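Summary of structural features
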Amino acid sequence: MKTNKIHIISLLMAFTLMAISCSEDFLDEKPMSSYAPETLSDEAGIEAALKGLHYNFGTIWTWAGRQGWTAVWHEGTDVASPGGIEGVEIPFFKYEELNAENAAVSRMWERCYLIINNANTALKAIGEDGDPEKIAEALFFRGYCYNILATLYGDVPLLIEPTSSARTDLVRTPIEQVNGQIIEDLKYAATNLPTIENAVNESRANKHMAQQCLGEVYLRVGEPALAEAALTDVITSGLFSLVEQRYGIALGVNGDYFSDMFKFGNQRRSQGNTEAIWTFELEYNKGGISGGFTEAPQQRRNWVPAYHNVPGMTYVYEGVGDDFVHPYGGRGNGRMRPSDWVKYQLYEDGDIRNSENNITRTFYYNQPGYSATIGVDAKGYRVAADSPQAVKVIEVQEGDTAVLAASDTLEVAFPYTRKWDSFDPTDQWGWTNIKDFPMMRLGETYLLRAEARFKQDNPGGAADDINVLRDRAFKMARQESGNADLGKVSSSDITMDFILDERARELFAEENRRITLMRTGTLIERARLNTDSSIKGTISGLDPRILLLPIPLSEIQRNKDAVLEQNPGY
């Protein structure tokens with residue numbers, strides 16, 4: 001039995017909350033009468049509404065209809081480049097094509113407002129004098145989603161009452177007022193939510209989630225001292241510690257203490273992950289059975305290359321059980337590639353975050369019984385044995401290092417993160433990712449506090465926080481080399497660019513890189529580090545307008561009784 005098979009939110013609850021969630025568009029939101037606020041006041045109804053917030057949050061990151069959705073948040077930044085393009089992500093690296101009709105632009109707006117409206121519905125049902133812990137859980141999700149909206153769109157309509165019928169008179173609220181509401185919501189949540197060990201269970205909202213989000217908001221609004229205080233509360237709580245020893249289900253296979261955190265069955269606090277603050281648990285549908293609240297998340301298909309298209313390589317492993325750890329992470333489509341900056345410039349020698357266990361760079365023929373005669377050209381690429389470009393002809397077989405074709409590096413075989421490995425032996429074709437989402441962990445808390453300290457002219461304090469992570473990252477290399485200072489940084493090394501570099505080293509493929517760079521106002525300059533070329537060329541259209549996304553055109557057109565203004569440049 002897989003450890004993730006049962007999710008806190010049962011399938012039955014998912015269907016119940018689909019009724020509460022209703023329309024895809026928040027302006028058309030009309031809760032069914034039996035789930036209106038006045039009929040949700042009983043304990044079971046309120047609990048269903050709160051669990052529904054988790055359900056709907058999951059739908060942000062599980063959009064199977066557009067596989068490129070995951071790539072939207074990384075391509076066109078410093079860390080990732082296009083691979084096997086789906087389509088919705090194209091305007092996020094060919095920025096001149098970004099407009100208000102893009103489906104990804106509309107999707108994030110619509111999903112966030114859906115959650116906000118359901119949070120408002122829950123709050124109305126609970127009442128001002130209701131259980132503070134329940135109020136806090138609803139406010140956490142409202143604050144979290146408004147923070148996404150404010151970061152991506154700037155001024156947005158601020159709605160703190162349920163919308164039970166279509167609104168056509170919305171106006172954009174100044175971001176200062178939106179920020180004030182976000183902070184108020186998250187402060188209440190941080191005060192009234194339980195600590196992680198006292199939560200109903202480990203996947204429900206806890207006070208440390210609210211504190212970490214609050215710290216990030218304070219950084220965005222220019223209050224680094226308040227950010228440091230909120231983040232220090234998490235770090236000094238005594239409830240979390242960095243993972244520095246191997247643990248969990250994969251001790252019998254190659255790995256290290258960093259890669260263990262991202263193994264299926266190791267991700268949750270109850271599974272040994274001591275730095276997990278918020279692990280969003282996925283519904284695991286064994287055998288690729290359709291249904292369940294997660295739809296079909298596509299993270300593996302985006303991050304894992306289509307290595308099975310290399311002759312002699314396969315994603316299929318016959319006769320394996322649920323405890324099998326796939327050497328290549330299941331079947332991928334290579335929708336995006338780590339940028340050359342990530343692959344070749346970001347990491348220093350000895351950094352465990354760049355080990356073969358964490359970023360796979362070498363492929364081996366794994367098709368049972370495979371053998372072939374191939375040509376190799378002057379650059380070491382595979383060509384036909386009789387090709388005029390072949391400078392030598394060799395025999396290869398199962399177990400040998402795979403010889404790649406020049407074109408393979410675009411989507412078929414390239415260095416890739418192992419954080420999104422996801423393999424179901426009963427569904428080896430692998431329509432859906434089956435891993436939990438690592439939303440918040442202690443490693444990021446230190447990085448956020450380093451940013452807060454740097455912004456208070458305390459580079460020494462920032463270096464201290466970064467060195468906590470580097471003490472872990474270089475621990476094995478220090479032991480092997482005898483150099484106790486390997487990888488250590490000092491206050492003179494600390495700049496905002498260095499902090500963003502370190503976030504990429506620690507959080508590559510975990511953090512939403514686009515949101516980080518938009519929050520810090522650095523998207524344009526950081527994207528220029530990525531000079532990769534793809535079938536679509538290099539990143540282009542790096543204009544100041546892209547520091548905000550356009551307001552979806554459909555929302556502007558629907559809003560016939562007031563002016564919902566567009567962002568500049570769109």
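The following paragraphs examine the structure supplied in this document. (Residues numbered from 1 in each chain as written. Predicted model: local features only at pLDDT ≥ 70, side-chain atom pairs only at ≥ 80, totals over all residues. Heavy atoms only, no water.)

**Quick notes on the packing of helix 5 (residues 132-153) against helix 6 (residues 175-192)**
Here helix 5 crosses helix 6 at 145°, and the two axes come no closer than 8 Å. You can see that helix 5 and helix 6 cross each other, and the crossing is left-handed. Only Ile175, Val178, Asn179, Gln181, Ile182, Asp185, Leu186, Tyr188, Ala189 and Asn192 of helix 6 make contact with helix 5, whose side of the interface consists of Pro132, Glu133, Ile135, Ala136, Leu139, Phe140, Arg142, Gly143, Tyr144, Tyr146, Asn147 and Ala150. (Axes fitted to C-alpha atoms, helices over the stretch in contact; angles between N-to-C directions. Helix = DSSP H or I, 4+ residues; strand = E, 2+ residues; numbered from the N terminus. Left-handed = near helix turned anticlockwise from the far one by under 90°. Contact = heavy atoms within 4.5 Å.)

**So, the sheet that holds strand 7 (residues 392-397)**
Either a parallel or an antiparallel arrangement is found when strands of a sheet pair, and the pairing is made through backbone hydrogen bonds. Pairing is antiparallel in the open sheet, where three strands are placed in the order 6-5-7. With one partner strand each, in any of the chains shown, strand 6 (382-383) and strand 7 form the two edges of the open sheet. (Pairing = 2+ DSSP bridges.)

**Section: the nonpolar core**
Among the nonpolar cores identified, the biggest contains 120 residues, and Phe57, Met108, Phe140, Tyr146, Tyr153 and Trp278 are the most heavily contacted of them. Broken down by element, this core gets its largest block of residues, 14 residues, from helix 5. Those residues in contact with Tyr146 that sit more than four places away from it in its chain are Tyr113, Ile116, Val156, Pro157, Leu158, Leu159, Val178 and Ile182. Grouped together as the second largest cluster of nonpolar side chains are 20 residues, Val310, Tyr328, Ile374 and Val403 included. (Core = buried A, V, L, I, M, F, W, Y, C linked by side-chain atoms within 4.5 Å. Buried < 20%, exposed > 50% of the residue type's maximum accessible area, 1.4 Å probe, protein only.)

**Observations concerning the packing of aromatic side chains**
Tallying each qualifying case throughout the model produces 27 aromatic pairs. Ring geometry for Phe140 and Trp278: centres 5.5 Å apart, planes at 75°, overall edge-to-face. In this pair, Phe140 is assigned in helix 5 and Trp278 in strand 2 (residues 276-280), connecting sequence segments 138 residues apart. The residues Phe140 and Trp278 share a single accessibility class, namely buried. Their ring planes at 40° and their centres at 5.0 Å tell us that Tyr365 and Tyr370 sit as a pair that is tilted. Taking relative accessible area as the criterion, Tyr370 reaches 13% and is therefore assigned buried. (Phe/Tyr/Trp six-rings, centres within 6.5 Å; stacked < 30°, edge-to-face > 60°.)

**Thoughts on the layout of surface pockets**
By volume, the largest pocket amounts to about 700 Å³. Forming the walls of the largest pocket are 31 residues, and the residues nearest its centre are Lys263, Val325, His326, Arg418 and Asp421. Here the residues of the lining of the largest pocket sort into 11 nonpolar, 11 polar and nine charged. (1 Å grid on protein atoms, 1.4 Å probe; cavity = no way out; pocket = protein on both sides within 12 Å on 5 of 7 lines; lining within 4 Å. Points joined across faces, edges and corners; volume = space filled by probe spheres on them. Nonpolar A, V, L, I, M, F, W, Y, C, P; charged D, E, K, R; others polar.)

**Digging into helix 7 (residues 207-220)**
Taking 1.5 Å per residue as the helical rise, helix 7 with its 14 residues ought to reach 20 Å, and the 20 Å between its terminal C-alpha atoms agrees with that figure. Within helix 7, 14 of the 14 residues are buried, leaving the element largely enclosed by the surrounding structure. Measuring from the side-chain oxygen of the N-cap residue of helix 7 to the backbone nitrogen of His208 gives 2.9 Å; that N-cap residue is Asn206. After helix 7 finishes, the residue Gly222 shows a positive phi value of roughly 85°. (Expected span 1.5 Å × (residues − 1). Polar contact = N/O pair within 3.5 Å; in protein donor to acceptor, adjacent residues only side chain to side chain.)

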